[in-house]
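Fold and geometry: a report
Chain by chain, the residues run as shown.
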Amino acid sequence: MKTEGRNAVFELLKAEKTVDKILMIKNPQGSLKAIFAEARKRGIKVQFADKIVLDKESPEGRHQGVIAYSSDFVYAGLGDIIQSAGQNSVVILCDGIEDVHNLGSIIRVSECAGADGVIIPANNSASVTEAVVRISAGAAEHIKVAKVNSLGFAIDELKRAGYWLYALEADGEDIYKTEFSGKIALVIGGEDRGVRRLTREKCDCCVSLPLKGKVNSLNASVALGIAVYEVIKRL
C-alpha cells in the first residue's frame, strides 16, 4: 500500500506501523528532513529520486515529495474496539459510506474527537485504501478500524456490551435536546439514502442536526463531526 504526502507519511511513521521503504525527492527540505530523520531512526530504507520518478508513482501529483510503501492496512477486530473502550465510550458505525473521501474524512473526525473506533461493513462500503489513509491525514494509523461481515451483528454485539445505538438521520430527535451517557454508538449513513431501514430498526433512537438554511442535508463527514463532538461533550 502506498501512503502519499508529508502529513500522511509522518503519521504513518509516528504510529510505528511496518514500512517497507520510503521514496523521497532528492535534496529534501523542510518537513521532509524530519521524515527522513524519523525513517533513519527506525532503520527504514529511504530511496532518493528525481521529481519525475515520484510523479510516475503518484499520477495525481499528491506525493509532496514523499511516498511510503507498506503492507496492506491491518483492520482491528470488533472485539478489540469493544474491549479497549472505557465506561464513557463513543464508536462510529458507517452504513453505506461508499465514497473514499467521506470515509477518510469520517476516520479523521473520529480520531480527532477521541472516538474509540470506526466500524465499516465488508459490503456496500469503501474500504481503507491508500487514498482513504491519505484523506484521513494519517488518522487511520491511530484509530482502530474494524471491518465486519454484518453491521447488524456488530450492533447486536455492541448492545451486549452496553452501548446505546443512535442513528444520525434528518427526521430524528434534535441532538441538542437528547440525553447521552455511558457507551454511545453513532451510526452514519451514505449521503444518497442515509441509514438503511433495517439498521435504523436496530438502533435505540434517531437523532438529527437542526438545519436552518435552504439546503436540507449536510455532507456525511461534516454531520458526523458536529454530532460526535456534541456527544463527547455530554459524556
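This section reports on the structure supplied with the text. (Residues numbered from 1 in each chain as written. Predicted model: local features only at pLDDT ≥ 70, side-chain atom pairs only at ≥ 80, totals over all residues. Heavy atoms only, no water.)

Some points on the overall build of the chain
- Regarding its fold elements, the chain presents 9 helices and 10 strands.
- In terms of C-alpha radius of gyration, the chain reaches 19 Å, essentially the compact-globule figure of 18 Å for 235 residues.
- Oriented by its inertia axes, the alpha-carbon framework of the chain measures out at about 55 × 40 × 30 Å.
- Expressed as a percentage of the 235 residues in the chain, the buried residues total 50%. (Helix = DSSP H or I, 4+ residues; strand = E, 2+ residues; numbered from the N terminus. Rg over C-alpha atoms; globule rule 2.2 N^0.38 Å. Buried < 20%, exposed > 50% of the residue type's maximum accessible area, 1.4 Å probe, protein only.)

Topic: the packing of aromatic side chains
- Following the criterion strictly, the structure yields 3 aromatic pairs and no others.
- Pairing Phe-73 with Tyr-75 gives two aromatic rings, centres 5.1 Å apart and planes at 80°, and the pair type is edge-to-face.
- Exposure remark for Phe-73: the relative accessible area of 12% places this residue in the buried category.
- In this structure, Lys-21 is placed above the aromatic ring of Tyr-69, and the distance from its NZ or CZ to the ring centre is 5.3 Å. (Phe/Tyr/Trp six-rings, centres within 6.5 Å; stacked < 30°, edge-to-face > 60°. Lys NZ or Arg CZ within 6 Å of the ring centre and 35° of its normal.)

Points about helix α2 (residues 31-41)
- Burial in α2 covers these residues: Leu-32, Ile-35, Glu-38 and Ala-39. Each buried residue of α2 lies within a common arc of 120° when the element is viewed along its axis, so the set occupies one face. When the buried face of α2 is taken as reference, the exposed residues oriented beyond 90 degrees from it are Arg-40 and Lys-41.
- On its buried face, α2 is in contact with α1 (6-14), β2 (19-25), β3 (45-49) and β4 (66-70).
- Taken from the residues just after α2, Gly-43 is the one with a positive phi, measuring 75°. (Arc of directions from axis to C-beta. Contact = heavy atoms within 4.5 Å.)

Some points on the pairing of strand β10 (residues 205-208)
- The alternating pattern of β10 places Cys-205 and Val-207 and Cys-206 and Ser-208 on opposite faces, both of which are buried.
- Where strand β8 (residues 163-174) lies against β10, 5 bridges are found, and the strand directions are parallel. Across the sheet, the residue bridging to Ala-167 is Cys-206, located in β10. (Pairing = 2+ DSSP bridges.)

As for the environment of Leu-32
- Relative to the helices and strands, Leu-32 is located in helix α2.
- Judged by its relative accessible area of 2%, Leu-32 is buried.
- Separated by 120 residues in sequence, Leu-32 and Gly-152 have C-alpha atoms that sit 44 Å apart.
- If sequence neighbours within four positions are ignored, Leu-32 has contacts with Arg-6, Met-24, Ile-25, Gln-64, Gly-65 and Val-66.

Focus: the side chain of Thr-199
- Within the secondary structure layout, Thr-199 lies in helix α8 (residues 197-202).
- If we ignore the near neighbours within four places in the chain, the residues touching Thr-199 are Asp-95, Leu-151, Ile-155 and Val-187.

Re a negative patch on the surface
- Among the surface-exposed residues, Glu-98, Asp-99, Glu-191 and Asp-192 lie close enough to one another that they form a single negatively charged patch.
- Within the secondary structure layout, Glu-98 lies in the loop between β5 (89-95) and α5 (100-113). (Patch = residues over 30% accessible without salt bridge, like charges linked within 9 Å, V, L, I, M, F, W, Y side chains within 5 Å. Areas by Shrake-Rupley, 256 points an atom, 1.4 Å probe, with all protein chains shown as cover. Salt bridge = Lys/Arg side-chain N within 4 Å of Asp/Glu carboxyl O. Lys, Arg positive; Asp, Glu negative; His and termini not counted. Charge placed at Lys NZ, Arg CZ, Asp CG, Glu CD.)

A word on the pattern of salt bridges
- All told, the structure shown has 13 salt bridges when counted by the stated rule.
- Ionic pairing is found between Glu-157 and Arg-160, a salt bridge with its closest N-O pair at 2.3 Å. A residue pair is termed a helical-turn pair when its members lie 3 or 4 positions apart in one helix, as Glu-157 and Arg-160 do in helix α7 (residues 151-160) at 3 residues.
- Among the ionic pairs, Arg-234 bridges to Glu-230, the shortest N-O distance being 2.8 Å. You can see Arg-234 and its partner Glu-230 sitting in helix α9 (residues 220-234), 4 residues apart, about one turn around the helix.

Section: the sheet that holds β8
- The sheet built from 6 strands is open, its strands ordered β7-β6-β5-β9-β8-β10 with parallel pairing. On the outer flanks of this sheet lie β7 (145-148) and β10, each paired with one strand and no other. Geometrically, the sheet is characterised by an average inter-axis angle of 30° between neighbouring strands, direction not taken into account.
- Sitting on the sheet, α7 is in contact with β5, β6 (117-121), β7, β8 and β9 (183-189), with an inclination near 165° to β5. (Axes fitted to C-alpha atoms, helices over the stretch in contact; angles between N-to-C directions.)

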